[in-house]
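Understanding the architecture of this molecule
Each chain, written out:
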Amino acid sequence: MDNRASLYSSIVLSGGSTMFSGFSSRLERDLNLIFRKARGGTKSRSVKISISDPAFRKHLVYIGGVALGKMIQGEDTYWITREQYNLHGPSIARRS
């Protein structure tokens, strides 16, 4: 199942490195080229590329981290204590 077309229509830029001048237009151009190559170089099927670049995107990663932190607050299975790390080492981070 090829769902790239639906993913291309809902791209949201976030993070400080997306603040470079012309980033969203270059990304759109490059995605059009990639999609065209994937389709054999033809323009038979058009794809709608929609890139959202909100002005506050520089802070979106932080906002998402805060939201995630609040969601899992109080859930002990998501956290590793210093004692657990000292006992098990780095492998504790790969627990299921």
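To start, this report covers the structure provided alongside it.

Calculation criteria
- Residues numbered from 1 in each chain as written.
- Predicted model: local features only at pLDDT ≥ 70, side-chain atom pairs only at ≥ 80, totals over all residues.
- Heavy atoms only, no water.
- Helix = DSSP H or I, 4+ residues; strand = E, 2+ residues; numbered from the N terminus.
- Rg over C-alpha atoms; globule rule 2.2 N^0.38 Å.
- Buried < 20%, exposed > 50% of the residue type's maximum accessible area, 1.4 Å probe, protein only.
- Contact = heavy atoms within 4.5 Å.
- Areas by Shrake-Rupley, 256 points an atom, 1.4 Å probe, with all protein chains shown as cover.
- Lys, Arg positive; Asp, Glu negative; His and termini not counted.
- Charge placed at Lys NZ, Arg CZ, Asp CG, Glu CD.
- Salt bridge = Lys/Arg side-chain N within 4 Å of Asp/Glu carboxyl O.

A count of helical and extended segments in the protein gives 4 helices and 2 strands. Listing each helix as α and each strand as β along the protein from the N terminus yields α-β-α-β-α-α. Relative to its length of 96 residues, the protein is extended, with a C-alpha radius of gyration of 20 Å against a globular reference of 12 Å. Taken over the C-alpha atoms alone, the protein extends approximately 60 × 35 × 20 Å along its principal axes. When each of the 96 residues of the protein is scored for burial, the buried share is 17%. Long-range contacts, defined here as pairs at least 24 residues apart, represent 58% of the contacts in the protein between residues at least 6 apart. Per element, the accessible surface of the protein, about 7,800 Å² overall, is 56% carbon and sulfur. Charge centroids of the protein, computed over 15 positive and 7 negative side chains, lie 10 Å from each other.

Let's shift gears to the pattern of salt bridges. On inspection of all chains with the given rule, the structure shows 2 salt bridges. A salt bridge links R29 to D30; the nearest nitrogen and oxygen atoms lie 3.3 Å apart. For R29, a relative accessible area of 47% translates into the label partly exposed. Connected through shared salt-bridge partners, R26, R29 and D30 make up one network.

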